[in-house]
Amino acid sequence: MRIAPPDILSARLARLASTLEDRGLDAVIVTSLANVAYLTGFFASAAALIATRGELLLVGDGRYAQALNDRAQEFPSIRAIELPPGASYDQTLVDTLLPLQGARVGFESSHVTVRRHHFVVSQLADQGWAAALHDADGVVDGLRVRKDAWEVARLRDGAQRLSSVAKCILSNVLAGRTEADVAAEIDGALRRAGFERPAFDTIVAAGPNAALPHGRAGQRRIEAGDLVVIDCGGVLDGYCTDLTRTVAAGPAGPRERRLIEQVVEAQQAAFAAVRPGAAPEAVDEAARETLGRYGLAEAFTHGTGHGLGLEIHEAPRVSKRRAGHAEPPLQTGMVMTLEPGAYLAGWGGVRIEDDVLVTEDGAEWLTDVPRAWMS
Ligand code: ZN
Ligand code: ZN
């Protein structure tokens, strides 16, 4: 796994420092594991971080002792703090915070449990810490919305590998196999293509199951003529990519063919609406309006897309306008999916999903697989 080099991490820390300054904060307690990984390059199943404007106090446990030390060696702004034997993350966080007494410290309210927050606040108070902790939600998440050059390279690489996996799977005969069998083949192909793991449970949904946007891969045997929704993603160097194709098993009937073409057209309309400054809701509307013209407005039951990065679902949210809420406009460097679909209960469905990068003059496809894949 490749980890962001020190110059990239330095640039992220500098951006964090200026955000903290704007918010009047001296430090932030980072408890989102994705945010810890973003700032330090430390990927673990447990970790915590106190990020000041110039230093990253990275707390990890004994399982990661070697990795913690490696991170601190590689990037000197990191100070590695290994949990003392028997100590909890919560207690170690408090102990690490105490020397910052007097500083204005924020916390990620979306990424901390009520229990942990109460523990930290009460322990600090017991130790004479007078100030409140401040809600700093979104401070680090906000930095991740626009991908830096290193991240774009990872996502581009991931999208190309994912496209190769999809082309290989789609070239095989699907009829006669179970959904679960095809999903297992995809998962194996993802590993062989260099992905660390699938980004989510691979979806293979055939026939009537294709009408369920979040269908799983079950024991249904794929029949000739079924529409099959195949939605898969991989994690490469910590970054998620996501792709869906819908194919007919065997020759596509006229109704299946038409539905695939209509969804592809909706995706093209969404792509044409992507540019810096555009409202994400307008991108969604472009896809929705296209499907609406074919009488499929009711059949499109989810949002058009979602941001991709260290998490499979992150900002921006490309979806219907919500009352009293406007999503921030698109900016260059954002990476997101465009995945319109149409689902007809009891019959089947179609979803086509690709990953795009917002560029100065519009957008660029990162995934590259023929869309109307018909045999
Ligand atoms: Zn997907
Ligand atoms: Zn998706």
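Values in this document were obtained by computation on a predicted structure and should not be read as measured data.

Our next topic: the coordination of the zinc ion (ligand 1). Donor atoms from the polypeptide that coordinate the zinc ion (ligand 1) comprise Asp 231 (OD), Asp 231 (OD), Asp 242 (OD) and Glu 353 (OE), at 2.0 to 2.6 Å from the metal. Classification of the site at the zinc ion (ligand 1) rests on its four donor atoms, whose angles at the metal span 54 to 148 degrees, yielding the label irregular. Taken in chain order, the donor set of the zinc ion (ligand 1) reads D-x10-D-x110-E. In this structure the zinc ion (ligand 2) is found 3.1 Å away from the zinc ion (ligand 1), and Asp 242 serves as a bridging donor for the pair. Of the two residues, Asp 231 sits in strand E9 (residues 227-236) while Asp 242 sits in strand E10 (residues 239-248), which places them eleven residues apart along the sequence. Judged on exposure class, the residue Asp 231 and its partner Asp 242 are both buried.

Glancing now at empty space enclosed by the protein. Per the counting criterion, the structure on display carries three cavities of 30 Å³ or more. Lining the largest cavity we find Ile 29, Thr 31, Phe 107, Glu 108, Val 112, Arg 116, His 117, Val 120 and Leu 133. If one sorts the elements of the lining of the largest cavity by residue count, helix H5 (residues 114-126) sits on top with three residues. Broken down by class, the residue content of the lining of the largest cavity amounts to five nonpolar, two polar and two charged. When its volume is computed, the second largest cavity comes out at roughly 60 Å³.

Here helix H7 (residues 149-170) crosses helix H8 (residues 179-192) at 145 degrees, and the two axes come no closer than 10 Å. In this structure, H7 crosses over H8, and the sense of that crossing is right-handed. Contacts between H7 and H8 involve Leu 162, Val 165 and Ile 169 from the former and Val 182, Glu 185, Ile 186, Ala 189 and Leu 190 from the latter. For the contact of H7 with H8, the per-class residue count stands at seven nonpolar, no polar and one charged.

Before going further, it helps to spend a moment on the nonpolar core. Ranked by size, the top nonpolar core spans 42 residues in total, and within it Leu 16, Val 30, Leu 39, Phe 42, Leu 49 and Leu 56 carry the most contacts. Those elements that place two or more of their residues in this core are helix H1 (6-22), strand E1 (27-30), helix H2 (33-40), strand E2 (48-52), strand E3 (56-60), helix H6 (139-144), H7 and E10. The element best represented in this core is H1, accounting for five residues. Among all residues touching Val 30, those that are not within four sequence positions of it are Asn 35, Val 36, Leu 39, Ala 48, Leu 49, Ala 51, Glu 108 and Val 140. Counting residues in each nonpolar core, the second largest holds 31 residues, with Leu 227, Ala 270, Leu 296 and Val 318 among its members.

With that out of the way, let us pick up the layout of surface pockets. In this structure, the largest pocket spans a volume of roughly 360 Å³. As for the largest pocket, its lining consists of 21 residues, and the residues nearest its centre are His 214, Asp 231, His 306, His 313 and Glu 339. Split into classes, the residues belonging to the lining of the largest pocket amount to five nonpolar, eight polar and eight charged.

A few words on a nonpolar patch on the surface. On the surface, Met 1, Ile 3 and Phe 43 cluster together into a nonpolar patch covering about 260 Å² of accessible area. In this structure, Phe 43 sits in the loop between H2 and E2. Its relative accessible area of 32% is what places Phe 43 among the partly exposed residues.

At a minimum axis distance of 8 Å, the contact between helix H9 (residues 254-273) and helix H10 (residues 280-293) shows a crossing angle of 150 degrees. In terms of orientation, H9 and H10 fall into the roughly antiparallel class. Pair H9 / H10 crosses with right-handed handedness. Across the interface between the two elements, Gln 262, Val 263, Glu 265, Ala 266, Ala 269, Ala 270 and Ala 273 from H9 touch Ala 282, Val 283, Ala 286, Ala 287, Thr 290, Leu 291 and Arg 293 from H10. In terms of residue class, the contact of H9 with H10 is made up of ten nonpolar, two polar and two charged.

Scoring rules and cut-offs
- Residues numbered from 1 in each chain as written.
- Chains lettered and ligands numbered in written order.
- Predicted model: local features only at pLDDT ≥ 70, side-chain atom pairs only at ≥ 80, totals over all residues.
- Heavy atoms only, no water.
- Donors = N, O, S within 2.8 Å, 3.2 Å for Na, K, Ca; no water.
- Tetrahedral: all angles 85-135°; square planar, octahedral: opposite > 155°, others 65-115°.
- Helix = DSSP H or I, 4+ residues; strand = E, 2+ residues; numbered from the N terminus.
- Buried < 20%, exposed > 50% of the residue type's maximum accessible area, 1.4 Å probe, protein only.
- 1 Å grid on protein atoms, 1.4 Å probe; cavity = no way out; pocket = protein on both sides within 12 Å on 5 of 7 lines; lining within 4 Å.
- Points joined across faces, edges and corners; volume = space filled by probe spheres on them.
- Nonpolar A, V, L, I, M, F, W, Y, C, P; charged D, E, K, R; others polar.
- Axes fitted to C-alpha atoms, helices over the stretch in contact; angles between N-to-C directions.
- Left-handed = near helix turned anticlockwise from the far one by under 90°.
- Contact = heavy atoms within 4.5 Å.
- Core = buried A, V, L, I, M, F, W, Y, C linked by side-chain atoms within 4.5 Å.
- Patch = residues over 30% accessible without salt bridge, like charges linked within 9 Å, V, L, I, M, F, W, Y side chains within 5 Å.
- Areas by Shrake-Rupley, 256 points an atom, 1.4 Å probe, with all protein chains shown as cover.
- Salt bridge = Lys/Arg side-chain N within 4 Å of Asp/Glu carboxyl O.
- Parallel < 35°, antiparallel > 145°, perpendicular 65-115°, else oblique.

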